Amino acid sequence: MLKELINFTDSLDSEFKSLGMKNKEGLHIFLEVQNDGERHWIDEKMEVVFTRKKGSTPDENALIKYSSTLTQLSWCVNTNKCFDLPIKAIHSCSPYCLALKRENLVGGEKYASNVSGKKSQVYERINAYFGKASELLDSEEEKQYLEIFKNALNTEERFQFWVENSGYWSELKDSDYVIFYLKEPIEKYQATNKKYLADKLFNTSDYNVEIGQSVFGTSDFFNGFPTKKAFLTHQSASFDISGRISANDAKSLYEFQDIIGRNILPKPLPIFIHKDELKTDAIALFKKAAESGDKLGYQQIIEKLYDKHKDDFGNYYLLFYSFGEIKDFDFVSKFEYELIDQEGNKWEIKDLFGVKNNRTLDNVFDLHIAVMQPAFNNSLVMKTKTGDFQYRYFDDIDAKYCKSDNTFLLVNKYRKAFYDFIYKSKRQAVTSLMFHDIMRTSILDDIRLDELKNGNHSERFSILRKLNIWFSLYEKFDINNKTNAESMASKLQAHREFIEKLTKGETSIESDDQYAFAVGQVIYYLFTKSKTSDTSYKRLEPFVQQVHAKELNKAIARLFDTYKHEPFSSNFRNPFAEVMDYETSANIRDFMPTLLAGVFSKNALFSDKEKDAVSDDDSQTEE
């Protein structure tokens, strides 16, 4: 992993590495040492920029941009490696820069806390800071020159003189930075930064070794080294560390971590390692997007590169980084962009239940909107108010914002599998059994949550849309499916033809599948006889929870007994008799798709007169 990230970083040019740098919010003050040939001093002139100033001049904007470069060359690797230990209030680590937050200054929250806790103030530690920073300088002459900068800032009165006369002191928030820069050539900033990093890029210096002209040590890249916490260290290992990396590699990893932290690279990020042309084209694409400020997603990368590199689009590492953490890192040997079944046909969602959500899935990313957004109830693939979509593969998801607790559990259980399926072409990651569990649970949840509002079922469209998805794609997720196997969609058509014959007494129930479909038709027909105000789909719950046919038939008999005084069509009599007479030891839940299809398909049990009496919604008519 580390080697691939190092090679990727080393392949970026310096211009790319500077893209997306953002300055620290707050007050930036530039001081300059004057001299008359005999003496040196800093006069009261200063250049000042305030990042939240409205209507900044071109010169001020240029200075803000320049200061972001200087800040990058002056900042500590992390606060555990700053020069202000153990307080950690000063975040710069350069003899030419001093950076701290407003909260540490007079009137700030930390300043007041230090007073009450009788702790030292940051003003009192400035001398110590510059003492450590001066160790980055080579000559005594440079160190003496630095004394002038230090003496301009090392008391509360001197420090406050500059900030209070900057013109922006009253506008500073506690969270804003106050940063002083000494106006020196950028080469000096770079030289001292190189020396600082040489010692600080390793996790610890305890295991540093010199080999030739290079230093090797333990990597600090997302790597804790709890030497003071015995319970976190190996107790039986024969070695202290697993390996070392060079100082140059440590610097590359530090640069990479900084670049991905600027949020200018796509998520997830493909890191191509072999094909030079593909690697070059990808990096050029990343750079162009970063320069323009456009958000570039993985799908857009594939769409722009796939046609040209279709035959060798693979052999790359895929990194997902977010909020300072590496969420996933894996190797993709071959990316399969198109969704093609074993017969060479594109995946297709058919309109089997009359809600017109049919569509062809041209590529694997179409699963996001066509399947995952409805299946996970807008909790994994979320449509925002602006019409955009957010993919929450690695986000923290709050259960209270999910449609139900079951939705929350489904998202957390299966989102990594879909991420692997779509982004890494791991076709075995999502199986037909997993897909079955998702669709069944989601539809049963809709049934439980359904309400009748203004004469319409609140979850009807959602249920029918999911049934279309379920019946159309179930076999596509079965990697062992034979091309000549009968599909759920073809069975559905056969069941609909069967029920028409069953109503006329031209056939009998001969299989568990036929029984389940007929049960669904019978249950829904009996529901239409109800005169209660609550005619929502949640009435299905006592039936879909049954496991054995014997108990299910008892529940149907009780439902029939409730409405036995109502008139029944001749089309109802034979299917009802066949259902009540059928016996099977099979688990009814294994036939849930077929039972629900019977409920939500066009009901063949109505007489012509009854069809005219029920609403379009109740009649379940497909278009």
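Participant: Teacher, can you tell me more about the sheet that holds strand β5 (residues 97-101) here?
Facilitator: Each strand in a sheet pairs with its neighbour through backbone hydrogen bonds, running either in the same direction (parallel) or in the opposite one (antiparallel). In space, the four strands of this open sheet follow the order β4-β1-β6-β5, with mixed pairing throughout. One side of each edge strand has no neighbouring strand; the edge strands of this open sheet are β4 (47-50) and β5. Shown here is a sheet whose adjacent strand axes are inclined to one another by a mean of 10°, direction ignored. For β5 and strand β6 (residues 177-182), the ladder comprises five bridges, and the chain directions are antiparallel. Bridge pairing in β6 links leucine 98 to phenylalanine 180. Most of the contacts of helix α7 (residues 156-164) go to β6, to which it runs at about 100°, and overall it touches β1 (26-31), β5 and β6.

Participant: Looking at this structure, I do not really get helix α21 (residues 592-600). What am I missing?
Facilitator: Along an α-helix, a turn takes 3.6 residues, which lines up residues three or four apart on a common side. In terms of burial, α21 is largely enclosed, as nine of its nine residues are buried. Within the span of α21, buried status applies to Met592, Pro593, Thr594, Leu595, Leu596, Ala597, Gly598, Val599 and Phe600. Buried-residue contacts for α21 involve α14 (432-449), α15 (460-473), α16 (488-503), α17 (512-527), α18 (541-544) and α19 (549-562).

Participant: I'm lost on the pattern of salt bridges in this one. Help?
Facilitator: Pairing between side chains of opposite charge can happen when their charged atoms approach one another. Counted by the stated rule, this structure contains 37 salt bridges. Across the pair aspartate 328 and lysine 424 runs a salt bridge whose closest N-O atoms are separated by 2.7 Å. Of this pair, aspartate 328 sits in strand β12 (residues 325-332) while lysine 424 sits in the loop between α13 (405-423) and α14, and the two are 96 residues apart along the sequence. Residue aspartate 328 shares its accessibility class with lysine 424, and that shared class is buried. Taken together, the salt bridges that share partners define one network made up of Asp328, Asp330, Lys416, Asp420, Lys424 and Lys426.

Participant: What is the right way to look at the nonpolar core in this model?
Facilitator: One finds Phe159, Phe180, Phe335 and Phe600 to be the most contacted residues of the largest nonpolar core, which totals 190 residues. Ranked by residues supplied to this core, first place goes to α17 with 11 residues.

Participant: Can you walk me through the environment of tryptophan 75 in this structure?
Facilitator: Mapped onto the fold, tryptophan 75 is located in the loop between α3 (58-72) and β5. Note: C-alpha distance between tryptophan 75 and serine 120 (45 residues apart in sequence) is 23 Å. Apart from residues no more than four positions distant in its own chain, tryptophan 75 is found in contact with Lys24, His91, Ser92, Cys93, Ala99, Tyr177, Ile179 and Tyr196.

Participant: I tried to follow helix α6 (residues 140-151) on my own but got confused; where do I start?
Facilitator: Compared with an ideal rise of 1.5 Å per residue, which puts 12 residues at 16 Å, α6 spans 17 Å between its outermost C-alpha atoms and is within 8% of the ideal. Among the residues of α6, those classed as buried are Leu146, Ile148, Phe149 and Lys150. Looking at the packing, one finds that the buried side of α6 touches β1, β3 (40-41), β5, α5 (126-133) and β6.

Participant: Would you take a moment to explain the pairing of β1 for this structure?
Facilitator: Every other side chain in a regular strand lies on the same face of the sheet, so the side chains alternate between the two faces. Of all six residues in β1, six are buried; the element is thus mostly enclosed. Summarising the sheet, β1 and β6 pair through six bridges and their orientation is parallel. Bridge pairing in β6 links leucine 31 to leucine 182. Bridging between β1 and β4 involves four bridges; their strand directions are antiparallel. Each residue of the ladder has a partner; that of leucine 27, found in β4, is phenylalanine 50.

Participant: I would appreciate a short explanation of empty space enclosed by the protein in the present structure.
Facilitator: If a probe as big as a water molecule is rolled over the atoms, it shows which places are left empty. Applying the stated rule across the entire model yields three cavities of 30 Å³ or more. Estimates place the volume of the largest cavity at around 70 Å³. Around the largest cavity, the lining residues are Ile260, Asn263, Leu265, Pro266, Lys267, Leu269, Leu319 and Tyr321. Split into classes, the residues belonging to the lining of the largest cavity amount to six nonpolar, one polar and one charged.

The rules we used
Residues numbered from 1 in each chain as written. Predicted model: local features only at pLDDT ≥ 70, side-chain atom pairs only at ≥ 80, totals over all residues. Heavy atoms only, no water. Pairing = 2+ DSSP bridges. Helix = DSSP H or I, 4+ residues; strand = E, 2+ residues; numbered from the N terminus. Axes fitted to C-alpha atoms, helices over the stretch in contact; angles between N-to-C directions. Contact = heavy atoms within 4.5 Å. Buried < 20%, exposed > 50% of the residue type's maximum accessible area, 1.4 Å probe, protein only. Salt bridge = Lys/Arg side-chain N within 4 Å of Asp/Glu carboxyl O. Core = buried A, V, L, I, M, F, W, Y, C linked by side-chain atoms within 4.5 Å. Expected span 1.5 Å × (residues − 1). 1 Å grid on protein atoms, 1.4 Å probe; cavity = no way out; pocket = protein on both sides within 12 Å on 5 of 7 lines; lining within 4 Å. Points joined across faces, edges and corners; volume = space filled by probe spheres on them. Nonpolar A, V, L, I, M, F, W, Y, C, P; charged D, E, K, R; others polar.

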